[in-house]
Amino acid sequence: MTRREMEGLLEAATAVYRERRADHRILPAPAWWDLPAETREELFRRQVAARALERAIHPRGWSATVQAVMARIAGG
């Protein structure tokens, strides 16, 4: 796998959006399955950094995950 391909997978797996099954179980990003095991720590670091940025720009300091949970609560 080239570095460019790996960067694309890391970027895709860092994204917040996760699909859900009919039973509401959240699924890992499809790109996660294609990442070599040795890159998963790098993915974790990127996800932590991305969530910190999300919290920094939200007026209440919420990450996108918190925003999604609160939207589900508010929506019933």
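Residues numbered from 1 in each chain as written. Predicted model: local features only at pLDDT ≥ 70, side-chain atom pairs only at ≥ 80, totals over all residues. Heavy atoms only, no water.

### Observations regarding the packing of aromatic side chains
The full count for this structure, using the stated rule, is one aromatic pair. An angle of 90° between the planes, with centres 4.9 Å apart, marks the rings of Trp-32 and Trp-33 as edge-to-face. Given a relative accessible area of 28%, Trp-32 falls into the partly exposed group. Among the residues examined, Trp-33 registers a relative accessible area of 57% and is labelled exposed. One cation-aromatic arrangement involves Arg-40 over Trp-32; the distance from NZ or CZ to the ring centre is 4.1 Å. (Phe/Tyr/Trp six-rings, centres within 6.5 Å; stacked < 30°, edge-to-face > 60°. Buried < 20%, exposed > 50% of the residue type's maximum accessible area, 1.4 Å probe, protein only. Lys NZ or Arg CZ within 6 Å of the ring centre and 35° of its normal.)

### A look at the packing of helix α1 (residues 3–14) against helix α3 (residues 40–57)
In the contact formed by α1 and α3, the axes pass within 9 Å of each other and the chain directions differ by 45°. On the basis of the axis angle, α1 is oblique to α3. Like other packed secondary-structure pairs, α1 and α3 cross with a definite hand, here right-handed. On the side of α1, the interface is formed by Arg-3, Glu-7, Leu-10, Ala-13 and Thr-14, while α3 contributes Glu-42, Leu-43, Arg-46, Gln-47, Ala-50 and Arg-51. Taken together, the residues of the contact of α1 with α3 sort by class into four nonpolar, two polar and five charged. (Axes fitted to C-alpha atoms, helices over the stretch in contact; angles between N-to-C directions. Helix = DSSP H or I, 4+ residues; strand = E, 2+ residues; numbered from the N terminus. Parallel < 35°, antiparallel > 145°, perpendicular 65-115°, else oblique. Left-handed = near helix turned anticlockwise from the far one by under 90°. Contact = heavy atoms within 4.5 Å. Nonpolar A, V, L, I, M, F, W, Y, C, P; charged D, E, K, R; others polar.)

From the geometry alone we can't say anything about function, so treat these as descriptive.
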